[in-house]
Each structure stands twice: as structure tokens, then as C-alpha cells.
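Take a look at the letters that make up each chain.
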Amino acid sequence: MSGVKIIIADSKENSRRILKDTLQHAGYQIQAEARNAPELLRKTRRLFPDLVIIDANLEGGSPEEIAGIIEDDNLSSVLVITDDIHRRSLQEIAHLLKPYTEETLVSVIEVALLYRSKVASIQQEVTRLKENLSNRKLIEKAKGMIMKTQGLTESEAYRYLQKQSMNRAMSMKDLAQEIILSEEKQSIIR
Amino acid sequence: MAQKNKAEILKQVKDCDVKFIRLQFTDIQGVMKNLAIPVSQLEKALDGEIMFDGSSITGFAEIDESDMYLIPDPDTFVIFPWRSSNGKVARLICDIYNPDGTAFAGCPRNNLKRVLQEAEALGYTMNVGPEAEFFLFLADENGRATIQTQDEAGYFDLAPLDLGENARRDMDITLEEMGFEIEASHHEVAPGQHEIDFKYGDALHIADAIMTFKLTVRSIAQRHGLHASFMPKPIYGVNGSGMHTHQSLFKAGQNVFWDANSPDQLSDMARYYMGGIMSHARALSAITNPTINSYKRLVPGFEAPVYIAWSGANRSCLIRVPAKRGLSTRIEVRNPDPSCNPYLALAVMLRAGLDGIAKRMEAPAPVDKNIYKMDDAERKAVGIDSLPGNLLEALQELDKDQIIIDALGEHIYTRFKEGKMQEWQDYNVQVTPWEVTNYLTKF
């Protein structure tokens, strides 16, 4: 838990102080405090915290809206501390019901951070796979075009692409894009 | 943009899991109005079957003409790239129709279409490139605007300059995702002031784009804890925000403002068009600069125009003619500000220019001196008039100019005038902090 940077957002000074003491006692680093939602957004975009803890009664925006912005723009993990009244609107957001003990708070924070790092690595994997898939589609399309225009078999066409890619020091994807583009231009002229 | 049809829109909405559709239109004051419908109502909306109560919108319609139809323009379909707490939202810009199926005369978009059709009958299409400026202020604990810019808030906030720059970069990216081609995006003269320019296009498309632009800039600013304001002069003593409007006329694919054989390569048409804008400038200011605050921007010393003249470079003039020629030949009208209703502003400028062409109003010689530095006598000697000094003066000029009134149509003119006179009277009875500061202890 050392080195974990947290921004706390609560409109009441007293609550901020208590939360700050608790977190510092548990070994977390308080990067900044925010008194209202716009201030929280400004500080979060500037400081890249690991976690933002929002009191559900924060002034200047609803907790689900603010948490949504922070999560959508991938700025930080979010934990909302809530009373029973706001709980129903927070079903899709990590939240902790008041009152809580320091032990509960710490374990919820640790779960939130663990979950975030797992999601981040899954997201990376998904991005990589998506890119591979779209590259593969381009290469397949270019290969088909070469088979047709040069009368080659599938494996010959693939070998041709590989060779061209090496000779011209271009990635297969860029080469495929170029082939598709020039072929489309040709077909417009025809 | 490719013509979108109903089936494509319905498919896109389904594929992207859109939850709500906002049916948008702009009222006479230039404020965007929304009617949110769930996706299940979309087909009905695209068939033009959605009704609303027009009398509930200020200055729009009387009680007895309250039933209005919203007819969406399918070409304007866009899914907002940002999520709201209710999931993905898309929008359609609508025209307003009467129950008998005729176009409602009080709808500024219908009115612009009418004026554009009149130009088209003469063979002209109008191309427009706007340059809207705005301020980014810090939002407070109520999420409301302050007039504190993030730049000057340096002592209280963290690395404040980056905040505005980051927000603007996010705006650029979002606008591009929505189909805008961003041509320039930079910090402006005043602290906290920014400008984003996008590619020119035909007048109707650009009027829609200006409304979308303002909505997007405001929405993204909010996500950054900032408030974007298009108020013309939010702070005394620093540059205000304008919306310089580049414009040209095309006929059969040719730019009619360009004449390769004239000494400055400007055609007679360009000169007449400028002549028209200049001769109607005092009246059309009521539309291009429609707020009390607009006239606090139009003062000497802040790169805003005050005098009715034109030039190739001089930024104190009403019209500047950028150096570009050929297809890019255009004039830049510098008085409009972003508080204007773009549908009405483009309609009146086009009509003024066309009147210049019809009556062959020769624009006077260009003025390359800094007019701010000329005195009254010098200006009088070269025949330079000034723009109205306040909203009341502009409204009085509007009353006298039948060409501009026609460009608005009777309905919009009457309602606009009523609303603006009320605004002037409200303002006039206020006791301002300036008065208190200057008079309270003196008398």
C-alpha cells in the first residue's frame, strides 16, 4: 500500500480531516483534497492519482456523474463513500456504506486497486487483439487483390507480401493498406 | 457528409447501444433547446410525428399556435462521443413545422433555409468559416461559472495553464470524432481565452456546426471542472470573444469574389458584397451582436471592430480581406460575436451582401491606417461611420432597415425586437457596481 496516491473529495472540512488521518494512518499518501466536484475533476486530471475517494454528498455534481467521467476518461480508480440514501444510484460504481471501520476501508481500497490493475491488463490485451484482427483483415484483403491481379496462388501472394515488406522496410499492415488504396484508385479510374 | 437514411440511423443506434435521442432546435435568442426521447420513439421522430408545445418557449409562439412538429434533418445525426450518466446519447437537429405541414416562420433554421434558397435562385451558394473564441473559467462548488480564469488562478490551483490546454485538446479530439475538421486551435490574447477554428462549409451546415460546437465545448469543459463561456466581454479591460465570420459566394463551382484580372484580384462582386455589408452594418449588428454585453466588446483597443471600413490587414476595421485568392478568396466580417444566433446572423449578412450586389454598392477605398488612432474629424473626412454604441442604438437601426427585417421575416423580427427591448429595459434600471463605486461617496 505504500506509494498509493489518493485524492479525497468531500465538501465538509471535518470529514476530510478524519478521512485523511485514517488513510495516512493506514500508510496511504494523500495527494490532494477537493472541496467540490469541479475542483476534484481539475485535480484528478492534473495529478494522475491511483484512487479518488468521493463522498456521495460532494457539492457540484452527482457522485455517479463524477465517477462516470473519471472512469470513462480512464483517469483513476474511484471509490464512493455513501449513506443509505445515495446507495441505489451507485450500483455500477465501487462504493462503501457508512459507517465503516479502518480495516474495512483498507480492504475495499486494496480490492479496488487490484481490480483496476487486472482490468488494465485485460484492456491492453483486448486492444492488442483488436489491432491484430484488423491488421489480419487488411493483409487478407491485400493478399486477395494480389492473387487476382498477378495470378498468384494464396501462399505465393503471402510470400510476395512478406518479401515486399522486408525489402521496403514497411510493416505488413502499412504495405497492405497501400496496396488496397492503390487498387481502389485504379478501380475508380477503370 | 453522406446522406443518411432512416434505416442507417436506426441500425447505428442499435449497434452503438444508444439510450436517448435529443431532438434539438434553436430558439430566436440563439439558445439550443432539447427534447429528449427514448430510442423506442426514434422511428416516430424520424417520420416527423413528434409534437411539442411551442408556447412554452419564450418568444416562439402564441398559445393559439402552440402545437408544433419537430422534423429532424437525418444528415445531422450524431452520437455524442461522451457518455452521460444515462448511457450513450445521440442527437438530431430539427426544423419546426406547423400542424398544417408548412414551415414555421419563427424557426431560425427554416428562415436561414428560406434566405439561402433566395440566394440559390440567383445562382449563389454561401460558404462560411467561423472563428469562435471563448473563455475557460473555473467552476465553483455548485458547478456554476465564476469569472476566475484558470490561468490567473495560479496561486490556488495546480499547474493551471495545463488545465485549459488539456481541456482544449480534449475538445479538439471530441469535435473530430463528431466529424469536424479542426483547422486551428490555440490560446488567445486574454488569460483563459481560447479559439478553435473548423473548416468552412455551406451556410446551413456551418450554422448547425456552430451550435454543436458550443454544446461540445461546454460539455467537455464541464468534464474538466471548468466552465466554457461564449459571453462577448466577460472581463473589463481585456480582449472580448468574437466570432469572426469568413464568407464567400460561389456560382457554378467558381468563387465569384475572385477576379484574376483586377489589380488586387478582388472582383466587383466582392466589392459590392462588402458595400452591402457596410451599408447595412449598423442594422445587422442588432443580430450579429445581440446582447447588452456585445457592445462592451466593440470598443477601441482590443482588436474588435468599431468603425465601418475594410482593409487587407488592419484589424480595427469591420471587414478584413485575407490575402488568399483563387477559390479561397473571401472576406472576414469581424463584428459578430458568439452570443449571436448563427442562423439569423448568416441570414442577415448574406442578405446585406446580396443587396450590395443587386444595387451595385461600391465599397469605399480600403483604410490601411489604424482607425483607433484617427480623430472624429479625420474619420469624417474619409467617410468612416461607426458601429452602434449599444444594443438600443442597434435595435433602432434595425427598425429602419427593411432589407434586414426581410431577412429575418416578420415573425422573427417582431419577437426578436420584443425580447431585446425587454432586455434593454431590464438592464437600464439596474444599479451597477460601477455606479456605486463612483457615486456613492461622491454625492
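### Points about the pairing of strand β9 (residues 182-187) of chain B
Residues in a regular strand project their side chains so that they alternate between the two faces of the sheet. Residue and element names in this part refer to chain B. As paired strands, β9 and strand β10 (residues 193-198) are joined by 5 bridges and run antiparallel to one another. Residue pairing for β10: I182 is matched across the bridge by F198. Linking two consecutive strands that pair antiparallel, namely β9 and β10, is a turn of 5 residues; a positive phi of about 80° is found at G192 within it.

### Observations regarding the state of the cysteines
Residue and element names in this part refer to chain B. Evaluated as defined, the whole model comprises 0 disulfides over all chains. C16 carries a free sulfur, and the closest cysteine sulfur to it, the one in C94, is 20 Å from it. Of all cysteine sulfurs, the one in C94 lies closest to C107, which takes part in no disulfide; the gap is 9.2 Å. Given the relative accessible area of 1%, C107 is considered buried.

### A short note on the pattern of salt bridges
Residues and elements named next belong to chain B. Counted by the stated rule, this structure contains 34 salt bridges over all chains. A salt bridge links D27 to K33; the nearest nitrogen and oxygen atoms lie 3.9 Å apart. With relative accessibility at 4%, the residue D27 sits in the buried group. Between E397 and R282 there is a salt bridge whose closest N-O contact spans 3.0 Å. Of the two residues, E397 sits in helix α10 (residues 391-399) while R282 sits in helix α6 (residues 268-288), which places them 115 residues apart along the sequence. It is possible to trace a salt-bridge network through shared partners that takes in D73, D95, R109, K113 and D208.

### Re a nonpolar patch on the surface
Together, V431, V436 and L440 of chain B make up an exposed nonpolar region whose accessible area comes to about 300 Å². Inspection of the secondary structure puts L440 of chain B in the segment after α12 (433-439).

### Digging into the pairing of strand β4 (residues 77-82) of chain A
Residues and elements named next belong to chain A. Across the 6 residues of β4, 6 count as buried, placing the element largely inside the fold. Burial along β4 is two-sided: S77, L79 and I81 facing one way and V78, V80 and T82 facing the other are all buried. In terms of strand pairing, strand β3 (residues 51-55) meets β4 through 5 bridges, oriented parallel. Along β4, the bridge assignment pairs L51 with S77. The parallel pair β3 and β4 is bridged by helix α3 (residues 63-72), and the resulting crossover is right-handed. Both β4 and strand β5 (residues 95-97) contribute to a ladder of 3 bridges, which runs parallel. Counted as the bridge partner of V80 is H95 from β5.

Parameters at a glance
Throughout, residues of each chain are indexed from 1 in the direction in which the sequence is written. Lettering for chains starts from A, numbering for ligands starts from 1, and both go in the order in which the items are written. Only residues with pLDDT of 70 or above have their local features reported here, since the model is predicted, and side-chain atom pairs are shown and tallied only from 80 upward, although totals for entire chains, interfaces and linings are computed over all residues. Hydrogens and water are ignored here; the side-chain numbers use all heavy atoms of the structure. For two strands to be treated as a pair, DSSP must find at least two bridges joining them. In this description a helix means any DSSP run of H or I spanning at least four residues, a strand means any run of E spanning at least two, and both kinds are numbered starting from the N terminus. Pairs of cysteine sulfur atoms within 2.5 Å are identified as disulfides in what follows. Think of it in three bands: residues with accessible area under 20% of the maximum for their type are buried, residues over 50% are exposed, and the middle band is partly exposed, with areas taken using a 1.4 Å probe on protein chains only. We count a salt bridge whenever a side-chain nitrogen from Lys or Arg sits within 4 Å of a carboxyl oxygen from Asp or Glu. Only residues whose relative accessible area exceeds 30% and that form no salt bridge enter a patch; like-charged residues are grouped when within 9 Å of one another, and nonpolar side chains (Val, Leu, Ile, Met, Phe, Trp, Tyr) when within 5 Å. For every accessible area listed, the method is Shrake-Rupley and the probe measures 1.4 Å; residues are considered covered only by the protein chains on display. Think of it like this: strands point away, you trace from the first strand over the helix to the second, and a clockwise trace means the crossover is right-handed.

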